[in-house]
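The residues making up each chain are set out below.
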Amino acid sequence: MFCYIASIDNTGVVKRFHYYLSRQLIGDGTEIRMKKELEFNNNKYIITECWNYYRVELALQDEGNIPWYIENFIQYEIYDDFVSFYYEPNSQDWASPNYDEVISYKECKYGEDVKEIIENAIDLDGYPMLYVDMEYLRSEGWYHELLIIGYDTEEEKYKCVVKIDKAPFWIVEEYSIDKVIKAFELGRDYFYKDIKSSIILSSLHYPFTILSVNHGNDRRVRINRVYNSINLMLNSCETGVIGEQTYAEEDIRWQCKYRGVGIYKVFFGKLYEILKEENMSFLLKYKQPILSLKKLEENKKGMIYRIRYLEENGYIKNCDAIISGYKKIVTYVRISLNLLEKFIITENLKCIDSFAIYMKKASLLEAIILKEILNKIEESYIENERRISKTL
């Protein structure tokens, strides 16, 4: 049994085909699995946080979930050690928004038949996510989550989405079924070794869960949530010294963290002073500042997406200047990244002087843009007789 299903965009162009050969009857009438591959578009809305990458990709396969995305991933925070995360002030989950509106989870119990659960889930359009030993699976990496999007029992392979450490960062690869299951067993055993980290990471539904996309969501953006996030970004700078656990496997460390327009201070202040003192050696041994700059660039591209969506869907008006401003910020961040890379090669201190200038420009410009976004929302609120679209 073969079935080809085409996805067609609003211009009538075929985006991709999905190929299915799900089950087949053998001689005695027994039905056996053969092959199935689920939809996975890999649009890469967020590539800098693996746990959010998978979930956002799945959620936004249904356009009805876009309003949820517009409300989240606006805020960003960075620590003294240059580790950074998207920040959701109303979420109790670790460095992650609440996905319950857009994703459903079915956690799998220890000792259950892993292969049977994976293939049953895919038959029902569920996406198995496993915590695996990546070193065992593909001879690089550490323990990490793995998303399975298809199976082929004839070839004895699973089709998986995996993270790699270089561009394009997220790829689809096939592995033998036995190897995936063994990698999961190793990952599961490692996961349960440390009770503290396993409790913290349980918010991500490790070590084995089935993700399903929630469909039929037709609500509008809760613009008050966007307004609150923008207001916090404009009026946030840095916290005092607090105990933070930046990764579940680490002990708590005492450090400051910075939010909103204050994030730039970490780069043009703290990083600049470190590079003047330690020269390029700091960046050679510690890549986190560059990784966080890439997340900053991603975050500002996300803001362009949000403003366009809000304008196109009638929430705010006349946003050309805001979009143009955010494009400038993206350019400033990209130039800053290039200057750091040039500094590593040349050791020319003029590179970091220019780097600090571009970070300051970005900081000042974003403060102006954030005020303008608040003004646009307030204007729309008044025009709509002081009503805010709020359905949940």
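Keep in mind it's a predicted model, so treat the numbers as computed, not measured.

(A) Local environment of the overall build of the chain. Helix and strand content of the chain: 12 helices and 14 strands. Excluding contacts between residues fewer than 6 apart, the proportion of contacts in the chain whose partners are at least 24 apart in sequence is 64%. A total accessible area of about 19,400 Å² is found for the chain, and carbon and sulfur atoms account for 50% of it.

(B) Expanded view of unusual backbone geometry. Of the consecutive residues A167 and P168, the connecting peptide bond is found in the cis state with omega at 10 degrees. Topologically, P168 is positioned in the loop between strand 9 (157-163) and strand 10 (170-176). Residue P207 follows Y206 across a cis peptide bond; omega there is 5 degrees. Here P207 is to be found in the loop between helix 6 (195-201) and strand 11 (208-213). Positive phi, normally seen in glycine, also occurs at F169, with a value near 75 degrees.

(C) Region of interest: helix 7 (residues 223-234). With 12 residues, helix 7 extends 17 Å from end C-alpha to end C-alpha; this agrees with the ideal 16 Å at 1.5 Å per step. Along helix 7, the residues classified as buried are I223, N224, V226, S229, I230, M233 and L234. The inward-facing, buried residues of helix 7 contact helix 2 (66-71), helix 10 (288-312) and helix 12 (349-383).

(D) Just the sheet that holds strand 4 (residues 76-79), in detail. Spatially, the three strands line up as an open sheet ordered 5-4-14, and their pairing is antiparallel. Bordering the open sheet on either side are strand 5 (84-86) and strand 14 (257-259), each of which pairs with just one other strand. Neighbour to neighbour, the strand axes of the sheet diverge by 20 degrees on average, direction disregarded. Two strands pair when backbone bridges link them, and strand 4 and strand 5 are joined in this way by three bridges, in the antiparallel orientation. Within strand 5, the position partnered with E77 by the bridge is F85. Relative to the sheet, helix 10 contacts strand 4 and strand 5, its axis offset from that of strand 5 by approximately 25 degrees.

(E) Representation of the pattern of salt bridges within the structure. Applying the stated criterion across every chain, the model contains 22 salt bridges. Here K36 ties to D125 by a salt bridge, and the two come within 2.9 Å at their closest N and O atoms. Residue K36 is located in strand 3 (residues 31-37), and its partner D125 is located in the loop between helix 3 (114-123) and strand 7 (127-133); the two are separated by 89 residues in the primary sequence. With relative accessibility at 43%, the residue D125 sits in the partly exposed group. For R222, the salt bridge identified is with E101, shortest N-O distance 3.5 Å. Highlighted residues: R222 in the loop between strand 11 and helix 7 and E101 in the loop between strand 5 and strand 6 (103-107), separated in sequence by 121 residues.

(F) Examining the side chain of S229 more closely. Within the secondary structure layout, S229 lies in helix 7. The residues contacting S229, other than those within four sequence positions of it, are E71, I74 and Q75.

(G) Just the pairing of strand 4, in detail. A two-sided burial pattern is seen for strand 4, the buried positions comprising Y76 and I78 on one face and E77 and Y79 on the other. The turn linking strand 4 back onto strand 5 is made up of four residues, and F82 within it adopts a positive phi angle of 75 degrees. Bridging between strand 4 and strand 14 involves three bridges; their strand directions are antiparallel. Following the sheet pairing, I78 is matched in strand 14 by Y258.

(H) Geometry of the pairing of strand 8 (residues 143-152). Burial of strand 8 is extensive: 10 of the 10 residues sit out of reach of the surface. Here five bridges tie strand 7 to strand 8, and the two strands are oriented antiparallel to one another. The residue bridging V132 from the neighbouring strand is H144, located in strand 8. As paired elements, strand 8 and strand 9 share five bridges and run antiparallel to each other. Across the sheet, G150 pairs through a bridge with K159, a residue of strand 9. Linkage of strand 8 to strand 9, two consecutive antiparallel strands, is achieved through a turn of four residues, within which E156 is found at a positive phi near 60 degrees.

(I) The packing of aromatic side chains, seen in detail. Evaluated as defined, the whole model comprises 26 aromatic pairs. Between K179 and the ring centre of Y136, over which it is positioned, the NZ or CZ distance is 5.9 Å. We note R259 situated over the ring of Y87; from NZ or CZ to the ring centre the distance is 3.6 Å.

(J) Structural view of the confidence of the model for the chain. When pLDDT is averaged along the chain, the result is 87, and 84% of the positions lie at 70 or above. Per-residue pLDDT stays below 50 along residues 1-20; that stretch engages in 38 contacts with residues further than four places along the chain or on separate chains.

Criteria and thresholds
Residues numbered from 1 in each chain as written. Predicted model: local features only at pLDDT ≥ 70, side-chain atom pairs only at ≥ 80, totals over all residues. Heavy atoms only, no water. Helix = DSSP H or I, 4+ residues; strand = E, 2+ residues; numbered from the N terminus. Contact = heavy atoms within 4.5 Å. Areas by Shrake-Rupley, 256 points an atom, 1.4 Å probe, with all protein chains shown as cover. Expected span 1.5 Å × (residues − 1). Buried < 20%, exposed > 50% of the residue type's maximum accessible area, 1.4 Å probe, protein only. Pairing = 2+ DSSP bridges. Axes fitted to C-alpha atoms, helices over the stretch in contact; angles between N-to-C directions. Salt bridge = Lys/Arg side-chain N within 4 Å of Asp/Glu carboxyl O. Phe/Tyr/Trp six-rings, centres within 6.5 Å; stacked < 30°, edge-to-face > 60°. Lys NZ or Arg CZ within 6 Å of the ring centre and 35° of its normal. pLDDT = per-residue confidence, 0-100.

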